[in-house]
Amino acid sequence: MPPIIQVEQLVKRYRKAEQNAVDGVSFTVAPDSFFALLGPNGAGKTTAISILTTTLTPTSGLVVVAGHDVVQDPDAVRRQLGIIFQKPSLDLNLSAEENVRLHAVLYGLYPWRPFYRLMPAAYRKQVDELAAVVGLTSAEMGQAVRTFSGGMKRKLEIVRSLIHRPRVLFLDEPTTGLDPASRRGLWEYLGQVRAQGGTTVFLTTHYLEEAEDADQICILNHGRVVSMGTAETIKGDLVQNWVRLDAADRDALAAELTALGRAYERDGEGLTVPVEAADVHALLRGIDTPLTRVTTHTPTLEEAYLEILERPA
Ligand SMILES: Nc1ncnc2c1ncn2[C@@H]1O[C@H](COP(=O)(O)OP(=O)(O)OP(=O)(O)O)[C@@H](O)[C@H]1O
Ligand SMILES: [Mg+2]
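The rules behind each value
Residues numbered from 1 in each chain as written. Chains lettered and ligands numbered in written order. Predicted model: local features only at pLDDT ≥ 70, side-chain atom pairs only at ≥ 80, totals over all residues. Helix = DSSP H or I, 4+ residues; strand = E, 2+ residues; numbered from the N terminus. Rg over C-alpha atoms; globule rule 2.2 N^0.38 Å. Domains from an automatic or database assignment. Axes fitted to C-alpha atoms, helices over the stretch in contact; angles between N-to-C directions. Parallel < 35°, antiparallel > 145°, perpendicular 65-115°, else oblique. Left-handed = near helix turned anticlockwise from the far one by under 90°. Contact = placed C-beta atoms within 7 Å. Buried ≥ 20, exposed ≤ 12 C-beta atoms within 10 Å, placed from the backbone. Pairing = 2+ DSSP bridges. Right-handed = clockwise from strand over helix to strand, strands pointing away.

Peer 1: For this particular structure, what's the right way to read the overall build of the protein?
Peer 2: What the protein contains, in helices and strands, is eleven helices and 14 strands. Taken against the 2.2 N^0.38 rule, which gives 20 Å for 313 residues, the C-alpha radius of gyration of the protein at 25 Å runs more than 25% over that of a compact globule. Taken along its principal axes, the extent of the C-alpha atoms in the protein is 80 × 45 × 40 Å.

In structure tokens:
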């Protein structure tokens, strides 16, 4: 199957900027997959997502989304996507539900009716379902968005972006400002959407655990791709597994490790030995000194991420 998103040598330089915000980025995204774009503040994530969603024009490079070039045919691209922006873009004077209704009507999903109760039953069912997912009550859906807290606005944006079944759902830090229960609710719902098939999820986030399950992770720094792969390959390339050992006779343990040809670091609480997971058993079998403690450590994506960003460019 051809990729649902194709990005080649994408460059964006803002007017009067000294450097490219996106500086020659290339990647492809498989249909129905989960793609996570990571990177520190200012890395170029929002810039890239804005180009992919046609709200910003590239300086150079090629971007094709769902078979359409974002520059040549932005309207065709827009019809295929849902977006949750980093900055809320709601009409504060309308009620929460009216914001959703307007969006649904603009996408040609439903005819316009001046009151919620006059809207088609399918629409009302969908709104109620989505509001429940993120934890907005029907009373809140009737309130003016002006009265909403930051987290409530975020939830409303999520409801709005999911009202039409997009082929690609772009989420720019969707869980920022959400409480833990709402975050979990959104993740469960996104899982359901993906399980039904037909939707690709393209996410940026600063919460690395949200990217652990991604089919592909792309890490940007200063507008460039610094690492790409699954969480496993990214971790495997970088962070060492290690085992922490301790013994009543620490000197004997240290001498034994040296005799076994093992590198280690020693501190006040024991010895740390870098070792591949598959090799832990052999290491422990080779030690005769009675051990008082054994702790194994598997790297997290966050450790790998921080290590990648510390590498010299
Ligand atoms: N409208 C703009 N005009 C000029 N420069 C901009 C504009 N928007 C962003 N930039 C610059 O482009 C670079 C990338 O910004 P961008 O918003 O894409 O980063 P980001 O990865 O989304 O960061 P964050 O994690 O903080 O959201 C930054 O150096 C930023 O200052
Ligand atoms: Mg951003």
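Once you've had a look at it, read on.
Peer 1: Would you take a moment to explain the domain arrangement of the protein for this structure?
Peer 2: Many authors give the size of an interface as the accessible area that is lost as the parts come together. Annotation of the protein at the domain level lists domain 1 (5-235) and domain 2 (242-297). Computed over C-alpha atoms only, the centres of domain 1 and domain 2 are separated by 47 Å.

Peer 1: Teacher, can you tell me more about the packing of helix H4 (residues 121-134) against helix H6 (residues 150-162) here?
Peer 2: Geometrically, a packed helix pair is captured by the angle between its two axes and the distance between the axes. Contact geometry of H4 with H6 gives a least axis separation of 9 Å together with a crossing angle of 140°. The orientation of H4 with respect to H6, classified from their angle, is oblique. As for the relative orientation of H4 and H6, their crossing is right-handed in sense. Mapping the contact onto sequence places Val 127, Leu 130, Ala 131 and Val 134 in H4 and Lys 155, Ile 158, Val 159 and Leu 162 in H6.

Peer 1: Would you take a moment to explain the pairing of strand S8 (residues 200-204) for this structure?
Peer 2: Two faces belong to every sheet, and in a regular strand the side chains alternate between them. With five of five residues buried, S8 lies mostly within the body of the structure. Judged by which residues are buried, S8 turns out to be covered on both faces: Thr 200, Phe 202 and Thr 204 on one side and Val 201 and Leu 203 on the other are all buried. The pairing of strand S3 (residues 34-38) with S8 spans four bridges and is classified as parallel. Residue pairing for S8: Leu 37 is matched across the bridge by Thr 204. Looking at chain direction, strand S7 (residues 168-172) and S8 are connected through five bridges and run parallel. Looking across to S8, one finds that Val 168 is bridged to Thr 200. For the crossover from S7 across helix H7 (residues 180-196) to S8, the handedness is right-handed.

Peer 1: Is there a simple way to explain the sheet that holds strand S5 (residues 68-69) in this structure?
Peer 2: Where strands meet in a sheet, backbone hydrogen bonds hold them as pairs that are either parallel or antiparallel. Strand order across the open sheet formed by four strands is S2-S1-S4-S5, with antiparallel pairing between neighbours. With partners counted over all chains shown, the strands left at the sheet margins are strand S2 (22-29) and S5, one partner each. Bridge count between strand S1 (residues 5-12) and S2: six bridges; the pairing is antiparallel. The residue of S2 that forms the bridge with Gln 6 is Thr 28. Strands S1, S2 and strand S4 (60-65) of the sheet are contacted by helix H1 (residues 45-52), whose axis makes an angle of about 125° with S1.

Peer 1: I would appreciate a short explanation of the environment of Leu 186 in the present structure.
Peer 2: With respect to the helices and strands, the residue Leu 186 is situated in helix H7. Taking C-alpha positions, Leu 186 is 44 Å from Arg 266, a pair spaced 80 residues apart along the chain. When near neighbours in sequence (up to four residues on either side) are disregarded, Leu 186 contacts Val 134, Ile 158, Pro 174, Thr 175 and Leu 178.

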